[in-house]
Amino acid sequence: ALKGYYEGAVASTEAAKLTRALLNALRLRTKDDATLHMNNFNLYTDQLEKMKRPEAQETLVDTFLDSILDPKYAVARTLCRQLKYTTVAECMEAIRFANSDGIRDTVVEHTDTGHNLRAKLRRLPDGTKLDVSPTKKLAPTAGVGKYHSYNEWQALTPEQKKAVLVARGTFRTPRRMPRVETTNVDVSPSAPEPATP
């Protein structure tokens, strides 16, 4: 009797109702991931098809477009409605395209592209590099703080290197450990051990 109930029409109808409720409850909000939303939508529609209770494509298209609440996909939603896309796959492709554009724009906003990085670094005719980024101060081309090639820099004495760095304004004093005062304790092997309280 139980086997007949769980494999019968009543249980199948209840499972289909639950899956439809999950499908209709899906929402793509600003904080949500569009790819995950589309995967969940496909999962629920596939489950309905396996139960032999599929939804019509027009209903699925409307349900999918109504589930998108994120304003950054408003253009894609409008495009799907105006072009009267007949399958969910076409609508998902439009949302995927808008999603990849959004990701690309975010990457460009928050990082330097390869072109910008190449533009910041220029090689001079003598093979040296000139950094033209706005955040770095350029080394003088003449005088005490001028740029030295590697071999010239290695030939300088420590005092000359220090003078160059001071002239450029990049000299930093090394950090030193604070001096710890030690008492005069005899550490020779023949010294008696200190008394413990």
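First, a word on scope: everything that follows refers to the structure included in this document. (Residues numbered from 1 in each chain as written. Predicted model: local features only at pLDDT ≥ 70, side-chain atom pairs only at ≥ 80, totals over all residues. Heavy atoms only, no water.)

## Considerations on the overall build of the protein
Logical step 1: Along the backbone of the protein there are nine helices and two strands.
Logical step 2: Reading the secondary structure of the protein in the N-to-C direction produces α-α-α-α-α-α-α-β-β-α-α.
Logical step 3: Every one of the 197 residues in the protein was classed for burial, and the buried ones make up 20%.
Logical step 4: Across the protein, every contact between residues at least 6 apart in sequence was considered, and the portion connecting residues at least 24 apart equals 47%.
Logical step 5: Of the roughly 15,500 Å² of accessible surface on the protein, a fraction of 57% belongs to carbon and sulfur atoms. (Helix = DSSP H or I, 4+ residues; strand = E, 2+ residues; numbered from the N terminus. Buried < 20%, exposed > 50% of the residue type's maximum accessible area, 1.4 Å probe, protein only. Contact = heavy atoms within 4.5 Å. Areas by Shrake-Rupley, 256 points an atom, 1.4 Å probe, with all protein chains shown as cover.)

## Let's talk about the packing of helix 4 (residues 57-66) against helix 5 (residues 74-82)
For any two helices packed against each other, the geometry comes down to the angle between their axes and how far apart the axes lie.
Logical step 1: Direction vectors running N to C along helix 4 and helix 5 enclose 160°, while the axes themselves pass 10 Å from each other. Relative to helix 5, the element helix 4 is oriented roughly antiparallel. Considering only the axes of helix 4 and helix 5, their crossing is left-handed. Here helix 4 contributes D62, L65 and D66 to the contact with helix 5, which in turn contributes R77, C80 and R81.
Logical step 2: The residue inventory of the contact of helix 4 with helix 5, partitioned by class, reads two nonpolar, no polar and four charged. (Axes fitted to C-alpha atoms, helices over the stretch in contact; angles between N-to-C directions. Parallel < 35°, antiparallel > 145°, perpendicular 65-115°, else oblique. Left-handed = near helix turned anticlockwise from the far one by under 90°. Nonpolar A, V, L, I, M, F, W, Y, C, P; charged D, E, K, R; others polar.)

## Observations concerning the nonpolar core
Logical step 1: Counting 22 residues, the largest nonpolar core has L23, F41, F64, V88 and I95 as the members making the most contacts within it.
Logical step 2: Among the elements of the structure, helix 2 (9-25), helix 3 (34-50), helix 4, helix 5 and helix 6 (88-110) are those that each provide at least two residues to this core.
Logical step 3: The contacts of I95, once residues within four sequence positions are left out, are A34, M38, F64, I68, Y73 and A76. (Core = buried A, V, L, I, M, F, W, Y, C linked by side-chain atoms within 4.5 Å.)

## Focus: the environment of L43
Logical step 1: Positionally, L43 belongs in helix 3.
Logical step 2: Along the backbone, L43 and L23 are 20 residues apart, and their C-alpha atoms lie at a distance of 9.1 Å.

## Side note on the state of the cysteines
Simply put, disulfide is the name for a covalent bond between the sulfur atoms of two cysteines.
Logical step 1: Considering all chains together, one arrives at zero disulfides under this definition.
Logical step 2: Free of any disulfide, C80 has its nearest cysteine sulfur in C91, 3.6 Å distant.
Logical step 3: We classify C91 as buried; its relative accessible area is 0%. (Disulfide = S-S within 2.5 Å.)

## Structural notes on the side chain of T63
Logical step 1: Looking at the element boundaries, T63 is found in helix 4.
Logical step 2: Relative accessible area serves as the criterion here: at 16%, T63 is assigned to the buried category.
Logical step 3: Beyond its immediate chain neighbours, meaning those up to four positions away, T63 contacts L23, N24 and F41.

## Topic: the packing of aromatic side chains
Logical step 1: Following the criterion strictly, the structure yields one aromatic pair and no others.
Logical step 2: Plain terms: the ring middles of F41 and F64 are 5.1 Å apart, the flat faces sit at 70° to each other, and that makes the pair edge-to-face. Of this pair, F41 sits in helix 3 while F64 sits in helix 4; the two residues are 23 residues apart in sequence, bridging distant segments of the chain. (Phe/Tyr/Trp six-rings, centres within 6.5 Å; stacked < 30°, edge-to-face > 60°.)

## Here we look at the environment of R96
Logical step 1: Checked against the element boundaries, R96 lands in helix 6.
Logical step 2: Once the C-alpha coordinates of R96 and Y73 are considered, the two residues, 23 residues apart in sequence, prove to be 9.7 Å apart.

## Regarding the environment of C91
Logical step 1: Turning to its location among the elements, C91 is positioned in helix 6.
Logical step 2: For the pair C91 and L79, spaced 12 residues apart in sequence, the C-alpha separation works out to 8.8 Å.
Logical step 3: When near neighbours in sequence (up to four residues on either side) are disregarded, C91 contacts V61, F64, L65, C80 and Y85.

## A closer look at the pattern of salt bridges
Logical step 1: By the definition in use, this model includes four salt bridges.
Logical step 2: Several salt bridges converge on common partners, so that one network encompasses D62, D66 and R81. (Salt bridge = Lys/Arg side-chain N within 4 Å of Asp/Glu carboxyl O.)

Function cannot be inferred from these measures alone, as they are strictly geometric.
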